[in-house]
Amino acid sequence: MMRRATLTSVKVIAVGLLTMLASMLGVGPASAHSVVLSSNPENGAQIASAPERVSVTFNEALQESFASLTVVGPDGNLWTKGEPSVQGATVSAELGELGQVGDYTVAFRVTSADGHPVSGTRTFTLTQEGSGTPGAAADSSGESGSGGVPLWPFVVMGVLVFGAGLWFALRTPRERN
């Protein structure tokens, strides 16, 4: 009788473990982060002169803290003036007059409403020489990666805790009635 109860307990625990592992295999990263809807200038645009401000607009409101928006010209220098500002779903920065003809890169890093950092780039081409003065050389030590917390440590911890619980349940002697 005792052997049958132990065997049933082991089966229940094994089915629970397999169910937990199977459900974790289907877990993917969240994809509900902010998405770029538009920018000014538009991505890939060819413009003769710069707008007063460069901006990137997202599908949801952004957090105002830690926003970054820069424009780097073909000369490798910064062309944005001052700090970026966030208003609702748009991050923008003063741009002013640009300089040499060529490709300019708008780089952004913002915090979405759900707290996740979102970064990327947009480009535009200046087709007519401007008379603007560039800022400092762009910092080449930019961060890479998603900035999110990796999932694997939590999966490993869950498996270890479950395994320890299983070991403890099977090692503990049971009282007889």
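Predicted model only: the values in this text are computed from it and were never measured. (Residues numbered from 1 in each chain as written. Predicted model: local features only at pLDDT ≥ 70, side-chain atom pairs only at ≥ 80, totals over all residues. Heavy atoms only, no water.)

Participant: Would you mind going over the packing of aromatic side chains in detail, with residue names and values included?
Facilitator: Per the stated rule, a full pass over the model turns up 3 aromatic pairs. Between the aromatic rings of Phe 58 and Phe 108, the centroid separation amounts to 5.5 Å while the plane-to-plane angle is 75°, which identifies the pairing as edge-to-face. You can see Phe 58 sitting in strand E3 (residues 53-58) and its partner Phe 108 sitting in strand E7 (residues 102-112), a full 50 residues away along the chain. For the pair Phe 58 and Phe 108, a shared accessibility class is recorded, and that class is buried. With a centroid separation of 5.5 Å and 5° between ring planes, the pair formed by Tyr 104 and Phe 124 is classed as stacked. Remark: Phe 124 occurs in strand E8 (residues 117-126) and Tyr 104 occurs in strand E7; sequence separation between them is 20 residues. Taking the relative accessible area as the measure of exposure, Tyr 104 reaches 0% and is therefore buried. What makes Phe 124 buried here is its relative accessible area of 1%. Pairwise contacts between aromatic rings join Trp 79, Tyr 104 and Phe 124 into one cluster. (Phe/Tyr/Trp six-rings, centres within 6.5 Å; stacked < 30°, edge-to-face > 60°. Helix = DSSP H or I, 4+ residues; strand = E, 2+ residues; numbered from the N terminus. Buried < 20%, exposed > 50% of the residue type's maximum accessible area, 1.4 Å probe, protein only.)

Participant: Lay out the sheet that holds E8 in plain terms, naming residues and giving numbers.
Facilitator: Ordered by their spatial adjacency, 4 strands build an open sheet running E2-E8-E7-E4, and the pairing between neighbours is mixed. This sheet does not close on itself; its edge strands, each paired only once, are strand E2 (45-47) and strand E4 (62-72). With direction set aside, neighbouring strand axes in the sheet form an average angle of 25°. Bridge count for E7 against E8 is 10 bridges, and the pairing is antiparallel. Of the residues in E8, the one forming a bridge with Ala 107 is Thr 121. (Pairing = 2+ DSSP bridges. Axes fitted to C-alpha atoms, helices over the stretch in contact; angles between N-to-C directions.)

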